[in-house]
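# Structural characterization, general
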Amino acid sequence: MAGVSGVTLVTLAAYLVAMLLLGRTLSKEAFGQLNLSVYALNLLGMASLLGFPNALLRNVPRDRLERSDWKGLNRSLAGFNAGVCLLGVALYGLLYDTPLSNLVLLLVAALFLGQSLFLVTVLQIFRRFALAQGLFTLWRPVLLIAALLAYTGALRGLTPLLAAIAAGAAGQYALLVLVLRRAPRGPDPIPLRSLTHDAGVFFVLGLTAVLISRLDSFFLPRMIDFDTLGVYATISFYALTAYAVVSMGVGQVLNPLLASRERVPTTRIAVGLALGGLALAGVLAALADWAVPFAFGERYAGHHRPVAAALAVAGVFQVLYAVPSSRIGVLASRRVFRGFIAISLSSVVVDVALILFCLPRWGLTGAALATAGTWFWRTTGCWVVASRFTRSV
């Protein structure tokens, strides 16, 4: 677990440094376009295999995988991956008037990232967790190298950066294939039908989680412009990064404790997280007008406190969400997951409604308020589901 956490933090740090450099190098418009491209890749990478990797992880233990033709399953899922990625990239091009060269690079990156997820899952089942996490996020250090070149003037524009992401995605897939070349496998097939139910559950949960985290960013270029998205992305990085790291840490601490059936004072933990998170939100909001242009350059100077405050409150709810979602993930029955799916789907509806209401009226502050309101809804619903349907721990 420590190895996985270390690898995750290193690759996350590489991504954050890359974005800091690119925020100071690119125009607001180009920075907004880059961020939206990365958000689209995250969405496609999660959705393109339709939840089957998670279902495999849940249903196929190591001894069975060693007897199974998992490479055959990988080939079967490649068709789903290609279809979803092609459809998603085509829709992206229609919505955001993207040059063909950038769309091709986006498609290449999405295809390799999506297919990498299956091989990473196989590595996880074989209990090579740190290696799996490192290879799955290899594109982030590659992006950092490209960002350093862009910062020195050796690369210009958005296209070389997308090419670097695509090359990183292709490289990580090739390394995964190489690492798994001698992994044990047998002749037994793994029928997709046996995984379909759980795959559908994981697909819905994963898709809704990514959507409500970034849906405001998909609306901003359509309702305002990419310059505004560039500004919003810098404030989001400033206001939400610490909460994302804490949320990840909460899950990694709670999951093994809950799995071992130890008594965990979840209410007391949540109160502590809420108080600490709100105190941090106050500091982030107070310093936002100075910190954002200091980190990303004077082109981002402005009155950012209301946006930072609302996003930080959304970050508090994200951290609080990690507590009941850990309980559900470890202890839940299928009945619990049905309730969880209802909350997840309704969160997307709430998010769209709030964005359409708030964004035209209050601009970036409205987008941030919509995010905070959606996470309040999702977190509250998750606590209700966890308290009603999971055992007391």
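What this report covers is the structure whose coordinates are included nearby.

Procedures and definitions
Residues numbered from 1 in each chain as written. Predicted model: local features only at pLDDT ≥ 70, side-chain atom pairs only at ≥ 80, totals over all residues. Heavy atoms only, no water. Helix = DSSP H or I, 4+ residues; strand = E, 2+ residues; numbered from the N terminus. Rg over C-alpha atoms; globule rule 2.2 N^0.38 Å. Buried < 20%, exposed > 50% of the residue type's maximum accessible area, 1.4 Å probe, protein only. Contact = heavy atoms within 4.5 Å. Areas by Shrake-Rupley, 256 points an atom, 1.4 Å probe, with all protein chains shown as cover. Lys, Arg positive; Asp, Glu negative; His and termini not counted. Charge placed at Lys NZ, Arg CZ, Asp CG, Glu CD. Core = buried A, V, L, I, M, F, W, Y, C linked by side-chain atoms within 4.5 Å.

### Quick look at the overall build of the chain
Counting secondary structure elements, the chain contains 14 helices and zero strands. Secondary structure elements in the chain, listed N-terminal to C-terminal, are α-α-α-α-α-α-α-α-α-α-α-α-α-α. Its C-alpha radius of gyration of 21 Å places the chain within 12% of the 21 Å reference for a compact globule of 393 residues. For the C-alpha atoms alone, the extent of the chain along its principal axes is close to 60 × 50 × 35 Å. In the chain, which comprises 393 residues, the proportion classed as buried is 51%. In the chain, the proportion of contacts linking residues at least 24 apart, taken out of those at least 6 apart, comes to 86%. Total accessible area on the chain stands at roughly 17,200 Å², and carbon and sulfur atoms take up 66% of it. Taking the average location of the 31 positive side-chain charges in the chain and that of its 14 negative ones, the two points are 10 Å from each other.

### Comments concerning the environment of Leu 119
Relative to the helices and strands, Leu 119 is located in helix 6 (residues 100-125). On the basis of relative accessibility, which here comes to 3%, the residue Leu 119 falls in the buried class. For Leu 119 and Tyr 173, which are 54 residues apart along the polypeptide, the C-alpha to C-alpha distance reads 8.1 Å. In this view, Leu 119 contacts Trp 70, Asn 74, Tyr 173, Leu 176, Val 177 and Leu 180; residues no more than four positions away in its chain are not counted.

### Brief notes about the nonpolar core
With 102 residues, the main nonpolar core has Leu 22, Phe 31 and Leu 34 as its most contacted residues. Ranked by residue count, the leading element in this core is helix 14 (residues 334-389), at 16 residues. Once residues within four sequence positions are removed from consideration, Phe 31 is found in contact with Met 19, Leu 22, Gly 23, Leu 26, Gly 230, Ala 233, Thr 234, Phe 237, Phe 296 and Tyr 300. Membership of the second largest hydrophobic core comes to 26 residues, among which are Leu 65, Leu 119, Leu 135 and Leu 176.

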